[in-house]
Amino acid sequence: MRRIEINYLFILSLILFLSLYSGARLFAQDATSETSSQQESQADEDDFLEGFEDTGGGFEDIKGDIELNIEKIQAESSGDGKSLFSLNGFVKEELNYSFAQEEPDFSKIRTTLNLKMNFRTFDAWKLVFNLNSFYDASYSKRGRDNFTPETLETYENETEIRDFYFEGPISDWLRIKSGNQVIAWGQSDVGQIIDMANPRDLRELGMVDLEDARLPVVATKFTSSVSSIELNLVAIHQIKPNKVATKGSEFDPLAGLRSQADILDEEVPVSGNENTEYLFRYLQHFNGGDFSFVWADVFDDAFYLDFYRLDLSGTMPKVSLVPRHKRIKSVGVGGNLVSGSFLFKGELAQIAGKNFMRNDQFAQIMALKLNPQNQQTVFNEDSRAVSTVSEKTLAKLMLGVEYSGITDVTVSFEGLYDQILDYEDNLMDNESNLMFSMMVSLAAMNDLFHSRLFFVHFSDDNGNALRLNVDYNVMDALNVEGGIMLYIEGKEDGFVYPVKDSDRLIASIKYSF
Amino acid sequence: MRKRIWIWGLVAVSVFMVSLTFQEKTLKAENLSPKEIAKRVDNRDDGETSTSELTMILVDRNKNERIRKMKSFRKSFGKDTKSISFFLSPADVKNTAFMSYEWDDENKEDDNWLYLPALRKVKRIASGNKKDSFMGSDFSYVDMNGPEIEDWDYKFVKESEKVNGHDCWVIEAVPKASRRKRVIDETGYLKRVSWIRKDNFMAVRGKTWVKKGKKIKFFEALDIEKISGIWTAKKLEMTTTKKNRLEHKTILLFDKITYNEGLKDDMFNTQRMERGL
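Our subject in this report is the structure included herewith.

Calculation criteria
Residues numbered from 1 in each chain as written. Chains lettered and ligands numbered in written order. Predicted model: local features only at pLDDT ≥ 70, side-chain atom pairs only at ≥ 80, totals over all residues. Heavy atoms only, no water. Helix = DSSP H or I, 4+ residues; strand = E, 2+ residues; numbered from the N terminus. Contact = heavy atoms within 4.5 Å. Areas by Shrake-Rupley, 256 points an atom, 1.4 Å probe, with all protein chains shown as cover. Buried < 20%, exposed > 50% of the residue type's maximum accessible area, 1.4 Å probe, protein only. Salt bridge = Lys/Arg side-chain N within 4 Å of Asp/Glu carboxyl O. Pairing = 2+ DSSP bridges. Phe/Tyr/Trp six-rings, centres within 6.5 Å; stacked < 30°, edge-to-face > 60°. Lys NZ or Arg CZ within 6 Å of the ring centre and 35° of its normal. Arc of directions from axis to C-beta. Patch = residues over 30% accessible without salt bridge, like charges linked within 9 Å, V, L, I, M, F, W, Y side chains within 5 Å.

### Overview of the overall build of chain A
Assigned secondary structure in chain A consists of eight helices and 24 strands. The contacts of chain A with a sequence gap of at least 6 include a subset with a gap of at least 24, amounting to 62%. About 25,000 Å² of surface is accessible on chain A, with carbon and sulfur atoms providing 58% of the total.

### Digging into the overall build of chain B
Within chain B, the secondary structure is distributed over five helices and 13 strands. For chain B, the residues scored as buried account for 64% of the 277 residues in total. Looking at chain B alone, contacts between residues at least 24 apart form 53% of all its contacts between residues at least 6 apart. Total accessible area computed for chain B in this model is approximately 10,500 Å², and 43% of it derives from carbon and sulfur atoms.

### Concerning the pattern of salt bridges
Once the charged atoms of two side chains with opposite charge are near each other, the side chains can pair. Taken as a whole and judged by the stated rule, the model has 62 salt bridges over all chains. For A:Asp300, the salt bridge goes to A:Lys354, with nearest N and O atoms at 2.5 Å. Remark: A:Lys354 occurs in strand β16 (residues 342-357) and A:Asp300 occurs in the loop between β12 (289-299) and β13 (304-311); sequence separation between them is 54 residues. The pair A:Asp300 / A:Lys354 is uniform in exposure class, with both members buried. Between B:Glu150 and B:Lys176 there is a salt bridge whose closest N-O contact spans 3.8 Å. Here B:Glu150 is found in the loop between α3 (141-145) and β7 (152-163), whereas its partner B:Lys176 is found in the loop between β8 (166-175) and α4 (180-187), with 26 residues between them in sequence. With relative accessibility at 33%, the residue B:Glu150 sits in the partly exposed group. Among the residues examined, B:Lys176 registers a relative accessible area of 17% and is labelled buried.

### Here's the deal with the pairing of β12(A)
Residue and element names in this part refer to chain A. In terms of residue burial, β12 counts as a mostly covered element, since eight of its 11 residues are buried. Relative to β12, strand β11 (residues 277-286) is paired through nine bridges, and the arrangement is antiparallel. Considered in β12, the bridge of phenylalanine 280 is made with tryptophan 295. Taking the residues that link successive antiparallel strands as the turn, the β11-β12 hairpin has two residues, and the phi of glycine 288 there is positive, at about 85°.

### Brief notes about the packing of aromatic side chains
Here the structure, examined in full by the defined rule, presents 16 aromatic pairs over all chains. Ring geometry for A:Tyr139 against A:Phe147: centres 4.8 Å apart, planes inclined by 75°, an arrangement best described as edge-to-face. Classification of A:Tyr139 by relative accessible area gives buried; the value is 7%. Centre to centre, the rings of B:Tyr101 and B:Trp113 are 4.9 Å apart; their planes meet at 70°, and the pair counts as edge-to-face. With B:Tyr101 in strand β4 (residues 97-102) and B:Trp113 in strand β5 (residues 111-116), this residue pair connects regions lying 12 residues apart in the sequence. Owing to a relative accessible area of 12%, B:Tyr101 belongs among the buried residues under this scheme. Owing to a relative accessible area of 2%, B:Trp113 belongs among the buried residues under this scheme. Over the ring of A:Tyr165 we find A:Lys177, and its NZ or CZ is 4.4 Å from the ring centre.

### Here's the deal with the environment of A:Leu257
Residue and element names in this part refer to chain A. With respect to the secondary-structure elements, leucine 257 resides in the loop between β9 (243-244) and β10 (262-263). By relative accessible area, which is 24% here, leucine 257 ends up partly exposed. Excluding residues within four positions of it along the chain, leucine 257 makes contact with Ile263, Leu305 and Leu321.

### Overview of the environment of A:Val331
Residues and elements named next belong to chain A. Structurally, valine 331 can be placed in strand β15 (residues 327-339). Separated by 51 residues in sequence, valine 331 and phenylalanine 280 have C-alpha atoms that sit 9.6 Å apart. Excluding residues that lie within four positions of it along the chain, valine 331 makes contacts with Phe293, Val294, Trp295, Leu348, Ala349 and Gln350.

### Some points on the pairing of strand β13 (residues 245-259) of chain B
All names here are of chain B. Pairing between strand β1 (residues 49-60) and β13: 10 bridges, direction antiparallel. Among the inter-strand pairings, valine 59 is bridged to a residue of β13, identified as lysine 249. Pairing analysis gives eight bridges linking strand β12 (residues 230-242) to β13, with the strands arranged antiparallel. Its bridge partner lying in β13, threonine 239 is registered against lysine 249. As consecutive antiparallel partners, β12 and β13 are separated by two residues, and within that stretch lysine 243 has a phi angle of approximately 50°, a positive value.

### Digging into helix α2 (residues 34-42) of chain B
All of the buried residues along α2(B) are B:Pro34, B:Ile37, B:Ala38 and B:Val41. For α2(B), the buried positions fall inside an angular range of 100° around the axis, keeping them on one side.

### Some points on a nonpolar patch on the surface
All names here are of chain A. On the surface, Phe286, Phe291, Val333, Leu337, Phe342, Phe344, Leu348, Leu397, Leu399, Tyr417, Leu434 and Phe436 cluster together into a nonpolar patch covering about 1,000 Å² of accessible area. For the nonpolar patch, the elements supplying multiple residues, two or more each, are β15, β16, β18 (389-406) and β20 (432-444). Examined against the element boundaries, phenylalanine 342 turns out to sit in strand β16. The class of phenylalanine 342 is partly exposed, set by a relative accessible area of 35%.

In structure tokens:
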């Protein structure tokens, strides 16, 4: 309890500080300007230039002794961006220290290598290949025997192809991009409303950088642009689900359920013609904003737990569940509107055919067990003896605003709301959910220093998450970063409670080439 | 790095601050008022299309250097202008792209987009704060686009002063009293002094008093030459000082500048931002 209070106090103080700081800056600017406006109207220009300590020095005085070899700098900087082959990438070392655990220790000592190759032909076609590989030494340090095989397999090391696609013009009005790729649509930085093409990396709640959050899929995208209108037709050939935390890992979303049921391996639909996913987008830009309409016929990237087997022969019923993916249809709209320093954004979608977990499974099992007419003790999945899910229609809404009117500061808010339209009381989920996020970004020292505060609040006392990062550009392409990730628990059966002790200190160094 | 960038504004700056291509021989400079001179500087011809490569050198007070390189394209659509720029280096921002539609109609706000390759996403961005630093440089967005002529009162400081051998007017501009609060809020500037070359209406030097931090910025345009008939500075410097000490300095080097060589309209759409150069 004390920890909750401390965390809340910390966060509230931080937010209050930032709000006051920003507000004070804004107010100070206004107040000073107002004051100076009144005073200056009565004073001459020398008054408002007071304090500049301008000795009248000339241009020669301020040149200092800066000597630059301009020719050398121009020669050393990269080419014109049109070379036929380019190789780029980065090396990154990350440290996470889990200070809230019973035995605080490094929870991540990850070395990442990312390579990106770009091949270009003279007739505007290009081939892109991006490989990302990491190894996390923290598991060896903490003792590999202390972790489940699934945890080691998912978190200790990974090598994956992120991009591997070719792209080019089929005609003057039609382009194709085919291969492993990310298709990023929508306006939300947090929610997945009309951005339905790519699954997400959800292995570490709030810890995955935005650039790593979308998982590439093998797809073919056709694009046609006419004036301010862009049309996209996408066929996704690879069925890939969200990456979620595995059994026994720190962020395992099923940790609480595993003691009550046997959770089998996830069943992912076979990639092939019969399961091809389709998406369509109409995007129109106009002065001061844009509008998009998105239609999708895809598999739900999030799994549902389907009934697999029930054994009533023992004293305690044994139920087996299997994570599966449901085909869903989504239709949605999104848009932006700009007004001065404000950017307003919104998304709205209706998702049909989504499965939601039921809360009466135990009652169904007990009814079977206690039914005197029932002689059967083992039920397989064909029997559908227990209904674990109900198919429903979900509506999702995002409204957000970004403000960049304070010098070198950007503040953004997003509110995400979802509601099950044909709700029934036997569902485990709430009829509606609300989530707020806030992000404050600050650039300083001629862009040498950046900081970002990201805060998420889950309604209904489900908890909060906060991440604060500071980043310093040591030299071109070399950045060091420090930060903190805090999970503030709400109610005991809330979303954040299971990871309440996963708070981390974060440090990294990244060199790009 | 700020997210609203009209890199081609820099070329415009070099042209705006540095060039004017109307017929020099027809000018009767002696009869021009300071405000008319400012209008002539602002009312420039910078070509129907233009391309350039820009090297930006940022130098801090400890003489540490950071270098950015970009490739930029601009095209006029009637009185409107569309521009797009791509980062070439450093590696951590390579392929980042910015696009801007600047509308002649005062009732229309400029449209700006940013493409971040790490996110693979084109994002619309607000116009934001014009006082903000342009990509961490000593140039602000006001410097890039030029302040509104009508917002300022002008007077001669000197009607003749030589700068690098060229005769110049020295003109002071202060916000009009009736608009002072708004102008200072928008630009951050209390006073500007400009050295305008009489032979081509180029601002070759500038001194600006910045309200925030009580800093003074010194501007200088160098390596001036005619390219395709358009006066262009190939080197711009902006130095920020406080209490007569150097705080930070930015040098912009323009290379491979071309004018009126034709650019396709589809160079300026969000698809192009994603595709890159």
